[in-house]
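Architecture at a glance
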Amino acid sequence: MPENIDINALLQTYIVPWGGRIILALAIFYIGRMVVGTVVGLIVKFMRARRMDEVLVRFLSAILRWLLLLFVIIAALSQLGIDTTSMVALLGAAGLAIGLSLQSSLSNLAAGVLLIIFRPFTKGDFVEAGSAMGTIESISIFTTTMTTPDNKEIIIPNGAILSNNITNFSARPTRRVDMVFGVSYGDDLRKAKQLLEDIIAADERVLADPPPRIVVGELADSSVNFLVRPWVNSADYWPVFWDTTEAVKLKFDEEGISIPFPQMDVHMPEKT
């Protein structure tokens, strides 16, 4: 009989109450996890329907999933009689300490989210950002990777990009090629201008609208400088720049137009 009394007391005092709490906690965790999966799935579909960047979708969905799961775990633990108030306070203090220790990393993370949302550039754009210049290869949450024209890979913290000016050379479909060509003061100015106009007109990559501009821009110390400014498609910028520079030198040599070297005339006073 004493054994039966002890067993009954054990059942009534520990097994039945704790068994019910454990089953309820497991049910809360299991059902809560399914609800979290459904909610996160709906939010991911919504973000993708809004054509948000896939990197940002994955990042935000992961954060949301862990935050919701944390609430589910706290709710399940509260059914076991655990003081979740102190746990929440402990997690808040830990989060604050981690945030302070990872301040620079968190700033890069925030900058990465803003870069993905506002899209000042995308993969394949040629940009100058974060004291570097190159083609964008990838944009992640913490860093941006670009490739330089000589095929070097540069990894830049997103905070450094967002805190400085960003020049996107690929943002517009057309660009203006700015070139300066100097001729000697003794050369025929009209002839030189006509030669420049002929060279630009003969290049099929130069756009008719807006029309190219060829004007005398400066009477410099040792040359008369022409400003040559044709408009081209962005992809043709450097080929037109290089080809025009070569064509001008060859044509000027052929027509007897000289491109003067920088020089200075020094007049010495005569001795008396």
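In the block above lies the structure referred to throughout.
**Digging into the sheet that holds strand β3 (residues 143–147)**
Whether parallel or antiparallel, the strands of a sheet pair through hydrogen bonds between backbone atoms. Reading across from one edge, β4-β3-β2-β1-β5 is the order of the five strands in this open sheet, with antiparallel pairing throughout. Of all the strands in the sheet, just β4 (153–157) and β5 (167–168) have a single pairing partner and so form its edges. Pairing of strand β2 (residues 132–139) with β3, which is carried by four bridges, proceeds in the antiparallel orientation. Among the inter-strand pairings, I136 is bridged to a residue of β3, identified as M146.

**Considerations on helix α7 (residues 237–255)**
A rise of 1.5 Å per residue sets the reference length of α7, with its 19 residues, at 27 Å; its end C-alpha atoms lie 27 Å apart and thus fit the reference within 8%. Residues of α7 that are buried: Y237, V240, T244, V248 and F252. The buried residues of α7 occupy an angular sector of 80 degrees when the element is viewed end-on, so they sit on one face. Exposed residues pointing more than 90 degrees away from the buried face of α7 are listed as W242, E246, L250 and E254. Summarising the contacts, the buried residues of α7 are in contact with β6 (174–176), β7 (179–183), α6 (189–202) and β10 (231–233). Just past α7, the residue G256 takes up positive phi, approximately 75 degrees.

**Remarks on the packing of α6 against α7**
Interaxial distance between α6 and α7 falls to 10 Å at its minimum, and their mutual angle equals 140 degrees. As far as their axial angle goes, α7 and α6 are oblique. Considering the relative orientation of α6 and α7, their crossing is right-handed. Contacts between α6 and α7 involve K191, A192, L195, L196, I199 and I200 on the former and, on the latter, T244, A247, V248, K251, F252 and E255. Tallied by class, residues from the contact of α6 with α7 come to eight nonpolar, one polar and three charged.

Cut-off values and rules
Each chain carries its own residue numbering, running from 1 in the direction its sequence is written. Local features in this predicted model are restricted to residues of pLDDT 70 or higher, and side-chain atom pairs are both shown and tallied only at a pLDDT of 80 or more, whereas totals for entire chains, interfaces and linings draw on every residue. Excluded from the side-chain calculations are hydrogens and water; all other atoms, namely the structure's heavy atoms, are used. Here the rule is simple: two strands pair whenever DSSP picks up at least two bridges between them. Only DSSP runs of H or I with at least four residues qualify as helices, and only runs of E with at least two residues qualify as strands; both kinds are numbered from the N terminus onward. What a helix should span is 1.5 Å times the count of its residues minus one. Only protein chains enter the area calculation, which uses a 1.4 Å probe; residues under 20% of their type maximum are buried, those over 50% are exposed, and those in between are partly exposed. Here, the arc refers to the directions that run from the helix axis to the C-beta atoms. For this analysis, residues touch if any pair of their heavy atoms sits within 4.5 Å. Orientation is described by axes fitted as lines to C-alpha atoms, over the contacting stretch for helices, and by angles from 0 to 180 degrees between their N-to-C directions. Angles below 35 degrees are treated as roughly parallel, those above 145 as roughly antiparallel, those between 65 and 115 as roughly perpendicular, and all remaining angles as oblique. Handedness of a helix crossing follows the sense of rotation of the near helix relative to the far helix, less than a right angle counterclockwise being left-handed and clockwise being right-handed. Residue classes follow a fixed rule: Ala, Val, Leu, Ile, Met, Phe, Trp, Tyr, Cys and Pro count as nonpolar, while Asp, Glu, Lys and Arg count as charged, and any other residue, Gly among them, counts as polar.

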